[in-house]
Amino acid sequence: MREKLNKIKRIIKKTLWAKNFLIAFSFLGIFYNLFFMNSFSDLYFLFFFLVYWGAAHQLKQGGKISISLAIIFLFLIPFLIAFESNLFVHKVSGWAFAFLCVGVLEHLLVLRRQNDSLD
Amino acid sequence: MIFFNLRKNRKYFFNNFPLIFIILFAIVPFIWFRTGTLIGGGDNYFLLNPGALTNFFIYSWNNKIVNTGGVILAIPNLFPLLYFWTFFQSLNFSLEIIEKIWIIFLFVLPGITIYYLISQIYNRFWVKIIASILWMINLFFVVAGPFQSTIKPIFIVLPLIFSFWVKGLGSKGNEYLKYAFLIALSSLICASSSINPPALASIPLVLIVYLFFYLFIEKGNIFRSLRFALVSFFGYIIANLWWIIIFISNLFSEAKAIKATTSFSALGEGFITEYFRLLGSWGWTSGAYSMPYYPFARFYNEPFLLAATFLITILVFLAVMLKPKEKLVCFFSFLALVGLFFSKGDSYPLGSVYNWMYKNIPGFWTFREPFAKFTPVTIFAYSILLGISTESIYEKIKKWTFFVKRKINLLPVLFPLVIIFLILAVSYPIFNGEVIWDYHNGSMRSNYFKVPDYWYQAGDWLSQEDINARVLTMPKSGYGVAYNWEHGFSTADSPAIILFKNPILRLATVKTGADYLVSKVYDSVYFGLPQSSIDILSLLNTKYVVQQNDLDWRYSYSDTLSPKQMKDVLSRQKDLRFVRNFGMLDFYQLKNEAYLPRFYVPETKIISNFEKSDLGEIFNFIGEQKRIAIFLTDSLRDFSKTDSFNNPEQVIEIKTKSLVLPEQYSLMEEILNISVPYSGNRPGGLMYRLGKIKEFVDKKRSEGNMLKSIDKNLFYAAKRLREISNYGDQDDYLLRSLFTEFDESIKKLYLLKEENNGHFLKYFKKTEAMVYFIYETIEKGEVDVVSGELIENNFSNYFDLLSLLNKSPEVDSGYDFVLSQAGTYNLYLKSDDQYTDYGIRYFDSGRQNLTLTDDNGKNLVGEKNKIIDFSPNTLYKLSFEYQKSFNSRGSVLIGQSETEVIFYLNLLPTGGKEKKFETYFLSPPTNSSKDFLIKYNIPVVKNLKVEKVNFSSLVLKKIGQQTEVFSIPQIEFLKINPTKYIVKVNNADKAYGLVFSENFHQGWKLFYKDFSEDPFEKSYEKEFTYFSNEVKEYIGPMKFFDKYFFSTLFNKPIPQDTHLSVNGYANYWQIRPEDVNSKKSYYLVVEFVPQRLFHLGVLISVLGVLSAVVYLFSLRLKGKK
């Protein structure tokens, strides 16, 4: 019985920590925030920021992907401003900031690892 | 030589071509300059002539910026800002030229220092050029303006300090000392910016982020790094001690005042979208009157500028993609994000984090405009990252096969050139001059200004007449007013501060007593400047009033008068006379007989509990006397310490105490609010015992707080009642326990009353309600108790005790005041702004409680208890004697019927005795045709009385007989500098008072001196005499060093217990013969002692800086060898 419970626990843990699950979950959260939420919530933002970071951390090119996403979002902003979609544009820039943070932090961690290996 | 080394020179030229290119940008500010005008205004109004302030900022007591003097936080302005002007003025440069040099320096030096930084940490051609240009020319500068003198020096210093920081952290051996000293010396360049400490935050923020990066990413040596950081910090402190020492001592008092008086905050304007492209200032999209603050702001949402601004941002963050393994790129990308996070303040996303820091981190409230404080961090990172991206893309383009095959070398250069074009295009207002406001929009006038000559002429005339004379500026004006000068001039403060050498009085944010009095004078101008305001001006040591007819009064306050109205008001004053006119400036002088000099010995001292706001009213009771000293309530406590004053005449204003009216206090309402706590444990059981231990601990914990402790007693008394109700009380254990709680709470109530606690009444009501509630519950038989005697005795005692408390003046009504002297007083009552004589009465000294009834205390109770002559909105006193037993009900009401009641009160049991009851009630505000009756339902009521009570403001003036003739000593005084005065006293045979009309500060000390030679001789150029030669004022040049510089250093000051605040703002000393060796003629030195700290700070800084310079030179010489 105990073994079974542990097995279930491991499966749940594995599933939740699985990169595909985290990526899908974080993108779903970001997508929902961008297109369906009519307000700004720091708590929501922080939660999905951390989930996304968890996902990006597991990817080999997590930092690069995040920066790319940030640059795509930054690229979109002037067009969105031109079309005067205010709420949406601020949410996009918020996520661009989040992607930049994750990207840069991931790069810093890579640098640190490189320094560790040099030691 | 040049020809011989042509090749070498060419190489040198090409190596440093970027620097030459950057220096060429110095021509940009020439676009802004216009012949014959200066640039400035608004918050930068001091650009009228910063050098004029130098002589005032070398003192810790500033009587230029603060009305009647005070401490300021602006001393750091001295270097480099003020001395920059002073230096060039000493070389006879015109103000116009000096300002041009300053603006060019502020514009170009940041480019040069960042060039130096990049050549040290990432020496690439295009990186140096691009970074330097963006650091010099960006949207932040467009918003801040080219003459902003606080933030711009930080742009010069940040790259320098950062490069030394990087090198210092990576240095070996003792090399770190060199970089620590260089950091300390560089910090002096931005010392002026320290007047706004949060503005400097960008420097430590960058350094700390790099330190963490160095320690945790680069794995640097922690010990060496911290040692370097510590030495750098101490180096900074020593180099800047000249201002830090005074700044810190003034910071706490000033910060409180600033926090209390300044409501401005721009925590998070807009969203991070704008901050990405270095926009986001609170004023960017707002405006005033009919125009936006930045007329060009609208173009930044047009396609080209929108695309260009975001393209720069994209290129900035592309650097981390292009050079992911470059440590500096990662560091600067991280720094950019830190800068963005802080500069956006509490905007989305994660604005709540900033908000939390703002509310919870001590001192973080100063970052109330985060955009201005943290954007330099973002730009710093942006500049370097953009340079690296551009260089990297340029290198990639160069390697394209298309260009390589065709050997096209120049075409790839187009890319960095396009980037330069984008940077310049984005900041286009810098190039078309729009960056300098040049519109006429309400009180916002052009930043180009020319000071009319009459201002200079007036300033010269004033300083020739009396350079120490205080000048009040008129009309009423404050922050953000406009002057109708040739090009206009907008200013945050009076230009007279800069253009006149004299101390100025003007409307300022109220921080000191003098500020308050000055504001009261301005408020009264609209009402014709009553004589009491002129008297206040006299107390403020004001000599001149200048009417500025060139001030655009229409854009000042709603009660600001026009020049014509001002002329009417000023020329009507009997104590003012018109003396001179200069262009649009009219000067009025206080007549000699109305003028009170900076130092004087008062003839009459007035002790008063008038509020500062009513100071002028005191003059209603003192006739024509001018030579007075007024001691207000705030100094009364200290006053009692002084010896008895000579010839004291007291004027004491007693205001009506806030009356406790029965309709405000309904016992029934209080009782209804009582909730009896739940009790589920049977007394005697284990859980009950445990509960009692918890109660004991609970009460012990609340012991320190009297109010909480009473609450606990009442709570547990109610709990005991519940227990009696639930489980009975056969042995009276619970009842006794209940009474113990009451005993304790009533004891504490008496203590509250004794200490005049402001919460006394509230807790009295709570206790009375609880006693009454429990008494009623027991009487009604709702709980089962055995000992009836115990109940009767205890409750009888409680009602007595509460009744005694109820008779205390705090609960009762009337005029409640304290008299320091017994004697006969004349009473005046105020009605319709007039004081009427109410006759004479004798009072003992100490606390008094007085009720003044109208109509000589006539009883207004008529037939059938009808109140006769019942007037609306009038205070009445109701009194009677009554007797009420415990188990009977009794109440009294006043009304037109049982339902239309204006007053109702339950009466407490009297315990078998007759008791007197007194209370007050206010009649309804409107008249009524029906009669008002008094009704009660108790059998014994005697001496029922209703009296009309007066509750106008009361003034008592002591009628005193002058017991002996008081001979006033003669005084002579000379101002050495704003922190030191020498006073000569002659013929002082008794104790006397000395008033010094500068703002009260404990730092002012009085030293007794017996100079061997006359310190006034040859030290003065002019003299004035007042009060028939009894006061003589010498006017001489200000001296930072004089021969008496150290004269008081080892002397003890006259005891400070006689140093009091007088006249609502000034200093007063009571000088006793024993303080001056019982001499009749002697000298006194009045010194602002904190100035010694400034001297010490300057000395340490100069020695520190010299040592650092010598050390660095010695290193250089060693290196050359």
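The shown structure was predicted, so the numbers you read here are calculated from the model rather than taken from an experiment.

Draft legend 1. Focus on the environment of Gly685(B). All names here are of chain B. With respect to the helices, strands and loops of the structure, Gly-685 is situated in the loop between helix H27 (667–672) and helix H28 (686–701). Looking at Gly-685, the relative accessible area reads 27%, which means it is partly exposed. Separated by 182 residues in the primary sequence, Gly-685 and Pro-503 have C-alpha atoms spaced 80 Å apart.

Draft legend 2. A look at the sheet that holds strand E29 (residues 992–996) of chain B. All names here are of chain B. Ordered by their spatial adjacency, four strands build an open sheet running E12-E29-E34-E33, and the pairing between neighbours is antiparallel. Either end of the sheet is taken by a strand with one partner, and the two such strands are strand E12 (599–600) and strand E33 (1059–1062). Here E12 runs beside E29; their pairing, made up of two bridges, is antiparallel. Residue pairing for E29: Phe-599 is matched across the bridge by Phe-996.

Draft legend 3. Spotlight on the sheet that holds strand E30 (residues 1004–1009) of chain B. All names here are of chain B. Here six strands make up an open sheet; going across it, the order is E30-E35-E28-E27-E32-E31 and the pairing mixed. Each edge of the open sheet carries a strand with a single partner, namely E30 and strand E31 (1022–1026). Within the sheet, the average angular offset between the axes of one strand and its neighbour, ignoring direction, is 20°. Note that strand E27 (residues 970–977) and strand E32 (residues 1031–1035) share four bridges and pair parallel. What sits directly across from Phe-973, in E32, is Glu-1033.

Draft legend 4. Structural view of the pairing of E29(B). All names here are of chain B. With five of its five residues buried, E29 lies for the most part within the structure. Bridge analysis of E29 against strand E34 (residues 1066–1071) gives five bridges, and the strand direction is antiparallel. Within the sheet, the bridge partner assigned to Phe-996 lies in E34 and is Asn-1067.

Draft legend 5. Structural detail: the packing of helix H23 (residues 513–525) of chain B against helix H24 (residues 531–539) of chain B. Residues and elements named next belong to chain B. Interaxial distance between H23 and H24 falls to 10 Å at its minimum, and their mutual angle equals 150°. For the element pair H23 / H24, the angle class is roughly antiparallel. Considering how the two elements wind past one another, H23 and H24 form a crossing that is left-handed. Seen from H23, the contacting residues are Leu-517, Val-521 and Ser-524; seen from H24, they are Ser-533, Ile-536 and Leu-537. Tallied by class, the residues present in the contact of H23 with H24 amount to four nonpolar, two polar and no charged.

Draft legend 6. Structural context of the interface of chain A and chain B. Each partner contributes to the interface: chain A provides 36 residues, whereas chain B provides 32 residues. In this assembly, chain A packs against chain B so that about 3,200 Å² is buried in total across both faces, 79% of it on carbon and sulfur atoms. Counting across the chain A and chain B interface gives six residue pairs in polar contact (both at pLDDT 80 or more). Elements with a minimum of two residues in the side of chain A that touches chain B: helix H3 (42–58), helix H4 (62–82) and helix H5 (86–118) of chain A. Examining the composition of the side of chain A that touches chain B, we find that 19 residues originate from one element, H5(A), more than from any other.

Draft legend 7. Looking closely at a nonpolar patch on the surface. All names here are of chain B. Together, Ile-238, Leu-1093, Leu-1096, Leu-1099, Ile-1100 and Leu-1103 make up a nonpolar patch on the protein surface, roughly 490 Å² of accessible area in all. With five residues, helix H33 (residues 1091–1120) is the largest single contributor of residues to the nonpolar patch. Take Leu-1103: it is sitting in helix H33.

Draft legend 8. Main features of the pattern of salt bridges. All names here are of chain B. For the coordinates displayed, the defined rule picks out 32 salt bridges over all chains. The partner of Lys-692 in a salt bridge is Glu-695, and the shortest N-O contact between them spans 3.9 Å. Here Lys-692 pairs with Glu-695, and both are found in helix H28, just three residues apart, close to one helical turn. Among the residues examined, Glu-695 registers a relative accessible area of 6% and is labelled buried. Its salt-bridge partner being Glu-1013, residue Lys-1043 comes within 3.0 Å of it at the nearest N-O pair. Of this pair, Lys-1043 sits in the loop between E32 and E33 while Glu-1013 sits in the loop between E30 and E31; the two residues are 30 residues apart in sequence, bridging distant segments of the chain. The class for Glu-1013 is partly exposed, based on a relative accessible area of 47%. When salt bridges that share partners are traced, they join Asp-535, Lys-574, Asp-575 and Lys-626 into one network.

Draft legend 9. Spotlight on the nonpolar core. The biggest cluster of nonpolar side chains holds 230 residues, and the ones touching the most others in it are Phe162(B), Phe276(B), Phe332(B), Phe380(B) and Phe500(B). Leaving out residues up to four positions away in the same chain, Phe162(B) has contacts with Leu117(B), Ile121(B), Val206(B), Leu207(B), Tyr210(B), Phe331(B), Phe332(B) and Phe380(B).

Draft legend 10. A look at the packing of aromatic side chains. Residues and elements named next belong to chain B. The final tally for this structure, using the stated rule, is 122 aromatic pairs over all chains. Considering the side-chain rings of Phe-1041 and Phe-1045, the 4.8 Å spacing of their centres and the 45° angle between planes classify their relative orientation as tilted. According to the relative accessible area criterion, Phe-1045 is buried, its value standing at 17%. Over the ring of Tyr-122 we find Arg-124; its NZ or CZ atom is 4.4 Å from the centre of that ring.

Calculation rules
- Residues numbered from 1 in each chain as written.
- Chains lettered and ligands numbered in written order.
- Predicted model: local features only at pLDDT ≥ 70, side-chain atom pairs only at ≥ 80, totals over all residues.
- Heavy atoms only, no water.
- Helix = DSSP H or I, 4+ residues; strand = E, 2+ residues; numbered from the N terminus.
- Buried < 20%, exposed > 50% of the residue type's maximum accessible area, 1.4 Å probe, protein only.
- Pairing = 2+ DSSP bridges.
- Axes fitted to C-alpha atoms, helices over the stretch in contact; angles between N-to-C directions.
- Parallel < 35°, antiparallel > 145°, perpendicular 65-115°, else oblique.
- Left-handed = near helix turned anticlockwise from the far one by under 90°.
- Contact = heavy atoms within 4.5 Å.
- Nonpolar A, V, L, I, M, F, W, Y, C, P; charged D, E, K, R; others polar.
- Buried area = accessible area lost by both parts, 1.4 Å probe.
- Polar contact = N/O pair within 3.5 Å; in protein donor to acceptor, adjacent residues only side chain to side chain.
- Patch = residues over 30% accessible without salt bridge, like charges linked within 9 Å, V, L, I, M, F, W, Y side chains within 5 Å.
- Areas by Shrake-Rupley, 256 points an atom, 1.4 Å probe, with all protein chains shown as cover.
- Salt bridge = Lys/Arg side-chain N within 4 Å of Asp/Glu carboxyl O.
- Core = buried A, V, L, I, M, F, W, Y, C linked by side-chain atoms within 4.5 Å.
- Phe/Tyr/Trp six-rings, centres within 6.5 Å; stacked < 30°, edge-to-face > 60°.
- Lys NZ or Arg CZ within 6 Å of the ring centre and 35° of its normal.

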